[in-house]
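Below, each chain spelled out in residue letters.
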Amino acid sequence: MTNHLNRTHDGFIQYSNDIHESGVMTPAAVVSTTALSSTHFDVIFIGAGFSGLIAARELSLRHRTVLLIEARDRIGGRTFTTKLGDQQYEMGGGWIHWSQPHVWSEITRYGLSICETNGATADRISLLLENGSRLKVLSMTNLFPEICRAMDDYSNVDGVQGRTVLPIPHNPFAAREVVELYDKLSMQDRLDHISASFNNNQDLYDVMDAYLSMNSQGKLSEGGFLDHLRWWALGDFDTARLFDKTSRYKILEGTSALARAILNDCHDIKLLLSTPVRSIQRTDDNQVTIFTDNGQSFTARSALITVPLNALYKMNFSPPLKLGKQRAINERQCRGGTKFAIKLEKPIGNWCGFAPYPNPITQAFTDDEEGTIIIAFGVDDLLNIRDFNAVQYELRKWLPDIQIKYIIGHDWRKDSFAEGTWGWFRPGQITSNLSILQEYEPPLFFASSDTANGWRSFMDGALESGLSVVQHIERYLKND
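- The name recorded for the protein chain in an unreviewed UniProt entry is Amine oxidase, from Adineta ricciae.
- According to UniProt, the comment filed for the protein chain under the heading Sequence similarities (unreviewed entry) is "Belongs to the flavin monoamine oxidase family."
- Looking at the protein chain in UniProt, the text filed under Subcellular location (unreviewed entry) is "Mitochondrion outer membrane".

If you want it as structure tokens, here you go:
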């Protein structure tokens, strides 16, 4: 695999003069190989995101014959890195932390390093209040203690900051009866429970609404509270630690550098890019046949499906999956909103902004040291991030004098291979769906960041899920 950048169909760059580029350059657009339909593989992997890549590496190093089929023209799934001029952008997931065990192990393995998102520790914050009609600028030093207090109140459902609910954060059902109790709550339910603690401080309430809406990227009434509590527990039950772990540190070389490193470590695998899978057929003799949209078919002793949960319902299984799993797949989860980057004409320093739902942008912050790049998050599908004027209008609510040079991003909600951003379960879905979605139906196996136990919806969760399934596939192949 070469190290130069190739163009992917994913992503866009939008300028003020409406010059539009379809696709961006990325090291994730690697060279596809060829595979003969007559070859019988040990495992066929559907999806070359981090779950598929890490499992393919481990099984290929065990001398299993592996075919990796990816619908996109690149690897990395819901993460990939692009570069424009001297600036590098993460188009999907990007933030990592040394306390995330699986991703940190891989970073160490491949000699990668980290850099910092400066706006995660901004010195000033803009609050957009009253449906965008009132702007308030505060010192983060003064506001942060209040945010910490509000987060403590919000998360403290049991008097000990949620520790009885998730005593072992990487084991979601260590206290199953308590988990079932709180899984019924939506994020809005919990915010309503503590509304009196804000002491009529509407500004602080709106900050909490904005932050929580950004996490689930939608209406708080549709997002499950237990997924917040999982982030909180993984963040050591502490606001500052949570912020550091979820939005402060990135891979300096880019997420695509890690994806390529894992791929390059695979032993003699076949990789087919731009090859969507149409259906999966199991036969009585424990054989799996994969049918692609372009009319090809491939057979194997087993298959690992790593398709994102919100797009998995499109996959046709014959014979059908178990009723419980198909139900959980059909229910899907929160679709998320938008993430995009904005390049400014002039720097603004170390800044962040919050606005409560339904503002089209709920949170934004500077990413570089000078403050010329802003990473922004929108909820639901309320903002067309390809519309330069619409984005500039929304950002000027916070920063009235800014001029945008360009917008760069990817429409994950409109992406037919993802149908959403990161995973977030609705109320009740963790107890009703998570374990079912994790179950295997040999010779079919499943892995995804959306169904991980720990850092679900992060790269670490994707790696965890992919690594966890390897032993089960290997055991099956040995006993088959």
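Having seen it, we continue.
### Here we look at the overall build of the protein chain
Here is step 1: Of regular secondary structure, the protein chain possesses 14 helices and 22 strands.
Here is step 2: The C-alpha atoms of the protein chain give a radius of gyration of 22 Å, which matches the 23 Å a tight globule of 480 residues would have.
Here is step 3: If you line up the protein chain on its principal axes, its C-alpha atoms span 65 × 55 × 35 Å.
Here is step 4: Expressed as a percentage of its 480 residues, the buried residues of the protein chain come to 60%.
Here is step 5: Relative to all contacts within the protein chain whose residues are 6 or more apart in sequence, the contacts with residues 24 or more apart total 71%.
Here is step 6: With an accessible surface of roughly 18,200 Å², the protein chain has 49% of that area assigned to carbon and sulfur atoms.
Here is step 7: The averaged location of the 57 negative side-chain charges in the protein chain is 3 Å from the averaged location of its 47 positive side-chain charges.

### Points about the pairing of strand β10 (residues 134-139)
Here is step 1: Pairing of strand β9 (residues 124-129) with β10, which is carried by 6 bridges, proceeds in the antiparallel orientation. Paired with S126 across the two strands is V137, which belongs to β10.
Here is step 2: Hairpin connection, β9 to β10: the antiparallel pair is bridged by 4 residues, and E130 has positive phi, about 50°.

### Remarks on the side chain of K343
Here is step 1: Considering the arrangement of structural elements, one finds K343 in strand β17 (residues 338-344).
Here is step 2: Ignoring any residue separated from it by four or fewer positions in sequence, one finds K343 in contact with Y89, T372, I373, I404, K405 and Y406.

### Re the environment of S37
Here is step 1: Within the secondary structure layout, S37 lies in the loop between β2 (20-26) and β3 (40-46).
Here is step 2: Separated by 239 residues in sequence, S37 and P276 place their C-alpha atoms 15 Å apart.
Here is step 3: Look past the residues within four positions of S37 in its chain and what remains in contact with it is S297 and F298.

Conventions we followed
Residues numbered from 1 in each chain as written. Predicted model: local features only at pLDDT ≥ 70, side-chain atom pairs only at ≥ 80, totals over all residues. Heavy atoms only, no water. UniProt positions renumbered as here; feature names shortened; annotations may be inferred. Helix = DSSP H or I, 4+ residues; strand = E, 2+ residues; numbered from the N terminus. Rg over C-alpha atoms; globule rule 2.2 N^0.38 Å. Buried < 20%, exposed > 50% of the residue type's maximum accessible area, 1.4 Å probe, protein only. Contact = heavy atoms within 4.5 Å. Areas by Shrake-Rupley, 256 points an atom, 1.4 Å probe, with all protein chains shown as cover. Lys, Arg positive; Asp, Glu negative; His and termini not counted. Charge placed at Lys NZ, Arg CZ, Asp CG, Glu CD. Pairing = 2+ DSSP bridges.

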